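# Coordinate analysis (summary)
Single-letter residue listing:
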Amino acid sequence: MTMSESAHPGPPPGANENGGPPKTLFATSFWGENDKGLDALMARMRAGKHVAEEVHQMLKERALIEEDYGKRLKKLSKAFNPKEEIGTLRDSLDILRAELDKTGQARLDLANEIRAKLEKPLVELIATQAAVRKSHNATVRDHLKNKAAQAAAVSKIKERYESKCAEANQLMQARPGVHPKEAEKIKAKLEKTQTQAKNADQEYVAGVDRLGEIHKRWEQDFRTCCMECQRLEEDRFHFLRAGIWNYANFLAGICIADDESCERIRTSLEACDFGTDVKQFVTQSATGSEIPEPLQYINFYTGTKERPTSSTPGSRNSITESFDRSSSATSLPKGGPTYNTDTGSTAPTAAYNSPDADDVRQSSYSPEPAQRESLYGGSDGGPGMTTLSRLAAAYADPDDGGAETFTYDPYDVPESMPVLFSVRVLYDYAAQAHEELSIAKGQIVPVIATHDDGTGFKLG
């Protein structure tokens, strides 16, 4: 579509329709004395050229803006990639991305359209009109120079002609009483002056005729210049009018395209459904409906969830142990540690059963420090029950039919206690009860007693 096809129709150059100016308006309006009409016309033509250049610069900058905007939109559409979204909202975001790309391409097309259909033709118009204006201006100014020069020459001839005529008139005036010889001289001079006046008159007439011819050519060329300037002004006027009209149409078209793009986005958003998207997510990514139980505490000795109470500062947890009087002297009595729950306390109490299990009692009795060395280690017995039997005998309660129960401090072991063997720790372990040791991987632990019940427990 060319500019003239899409623009609002206007009257052709020189027409006098719908109130338009007559084609000879300029040709009848820029005459007058001192030949100032050409200067006025050329000033208007130069002003029109400057206006056209301003419009061209505006179109050029607008095309650059649209091009940059289009490139940035297309770059944004490539960077915008919501691939992590799912469902109907993902469809809407994909449409948004596609519309960004379309809008960017539409802006690039608009920039190219402005350049091809508005900017380039306007540049050609400015160049064409400048060439025509310069040609007419040069022609008319040459005529003006010739006319001025001829007018000056005619003025000089006229002065000489008038001077000779005046001199002849003065000589022709007869004066009475003039000497004949003087009269002859006056007559000869008169004839000569009349001849000169006649020649000046002929030269004057020729100069005026030549000036008339120059003036006629100037008048014709200036009239043509005026009409051509009016035509150029009309062309420029209608061209700019049509160009701005097309410019507005281009922008209106891109606005309509933007609105249609936005409508497509809104339509896709109307189709979004949160419930559908949530169901799709659950279907694709569900991991189960059962809530897992947290990790529970399991006591190493009892295999139950019952927890011992940690010792408090300034207090000492005691572990009551009853030993079998008839157990061997080289091992601990059978049976593992148990917890005393009859007293309402959760403190751990390790008890070893004697043959008379019914006689097992707990006692809070503790030996005096002076007795510890003889109780925990002696020269006449080994490290096992020989020493612990002495403990049982020493702590026997005579009021209870001879049942041997005692309480000892597992951390109060004398340095003289014999060591059976040493072991290396394979894993870190944090003590969970008062009678347990916290050990670290790589440590060497001396063993002072063992169980013979197959449990593998050792005292170290």
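Described below are features of the structure shown in this document. For clarity, every value in this text was computed on a predicted model and none was experimentally measured.

## Examining the packing of aromatic side chains
Counting across every chain of the model gives 5 aromatic pairs. With centroids separated by 5.5 Å and ring planes inclined at 80°, the aromatic side chains of Phe 26 and Phe 30 adopt a geometry described as edge-to-face. Overall, Phe 26 belongs to the buried group, its relative accessible area being 18%. Plain terms: the ring middles of Trp 218 and Phe 222 are 5.6 Å apart, the flat faces sit at 5° to each other, and that makes the pair stacked. Linking Trp 218 with Phe 222, this pair stays in helix H4 (residues 180-270), spanning 4 residues, or about one helical turn. Relative accessible area serves as the criterion here: at 6%, Trp 218 is assigned to the buried category. The class of Phe 222 is buried, set by a relative accessible area of 2%. One aromatic cluster is present, built from ring pairs that chain together Trp 31, Trp 218 and Phe 222.

## Side note on a nonpolar patch on the surface
On the surface, Phe 274, Val 278, Phe 281 and Val 282 cluster together into a nonpolar patch covering about 410 Å² of accessible area. Tracing the sequence through the fold places Phe 274 in helix H5 (residues 274-285). Accessibility expressed as a relative area gives 67% for Phe 274, which makes it exposed.

## Here we look at the pairing of strand E4 (residues 444-447)
Across the two faces of E4 the burial differs, with Val 445 and Val 447 buried and Ile 444 and Pro 446 not buried at all. Inspection of the sheet shows strand E3 (residues 421-424) paired to E4 by 4 bridges, in the antiparallel sense. The residue of E4 that forms the bridge with Phe 421 is Val 447.

## Topic: the side chain of Gln 230
Turning to its location among the elements, Gln 230 is positioned in helix H4. Reaching out from Gln 230, the side chain makes a polar contact with the backbone nitrogen of Phe 26 at a distance of 3.0 Å. Among all residues touching Gln 230, those that are not within four sequence positions of it are Pro 21, Pro 22, Lys 23, Thr 24, Leu 25 and Phe 26.

## Some remarks on the environment of His 56
Residue position: His 56 is located in helix H2 (residues 37-79). Relative accessible area serves as the criterion here: at 17%, His 56 is assigned to the buried category. Sequence-wise, His 56 and Leu 118 are 62 residues apart; in three dimensions their C-alpha atoms are separated by 8.2 Å. If we skip the residues at most four places from it in the chain, His 56 touches Glu 119, Leu 122, Val 123 and Ile 126.

## Here's the deal with unusual backbone geometry
Unusually for a residue other than glycine, Asn 34 sits at a positive phi of about 65°. Position of Asn 34 among the secondary structure elements: in the loop between helix H1 (3-6) and H2.

## Observations regarding empty space enclosed by the protein
Throughout the structure, instances matching the rule amount to 4 cavities of 30 Å³ or more. What the largest cavity holds in volume is close to 70 Å³. What lines the largest cavity is simply Met 45, Lys 49, Ala 52, Leu 125, Ile 126, Gln 129, Ala 130, Arg 133 and Arg 236. Looking at the lining of the largest cavity, the elements that each hand over two or more residues are H2 and helix H3 (87-172). For the lining of the largest cavity, the element with the highest residue contribution is H3, accounting for 5 residues. A breakdown of the residues in the lining of the largest cavity according to their chemical character gives 5 nonpolar, 1 polar and 3 charged.

## Quick word on H5
For H5, spanning 12 residues, the distance from its first C-alpha to its last is 16 Å, which sits close to the expected 16 Å at 1.5 Å a residue. Of the residues flanking the start of H5, the one acting as N-cap is Asp 273, its side-chain oxygen 3.4 Å from the backbone nitrogen of Gly 275.

Basis of the calculations
Residues numbered from 1 in each chain as written. Predicted model: local features only at pLDDT ≥ 70, side-chain atom pairs only at ≥ 80, totals over all residues. Heavy atoms only, no water. Phe/Tyr/Trp six-rings, centres within 6.5 Å; stacked < 30°, edge-to-face > 60°. Buried < 20%, exposed > 50% of the residue type's maximum accessible area, 1.4 Å probe, protein only. Helix = DSSP H or I, 4+ residues; strand = E, 2+ residues; numbered from the N terminus. Patch = residues over 30% accessible without salt bridge, like charges linked within 9 Å, V, L, I, M, F, W, Y side chains within 5 Å. Areas by Shrake-Rupley, 256 points an atom, 1.4 Å probe, with all protein chains shown as cover. Salt bridge = Lys/Arg side-chain N within 4 Å of Asp/Glu carboxyl O. Pairing = 2+ DSSP bridges. Polar contact = N/O pair within 3.5 Å; in protein donor to acceptor, adjacent residues only side chain to side chain. Contact = heavy atoms within 4.5 Å. 1 Å grid on protein atoms, 1.4 Å probe; cavity = no way out; pocket = protein on both sides within 12 Å on 5 of 7 lines; lining within 4 Å. Points joined across faces, edges and corners; volume = space filled by probe spheres on them. Nonpolar A, V, L, I, M, F, W, Y, C, P; charged D, E, K, R; others polar. Expected span 1.5 Å × (residues − 1).

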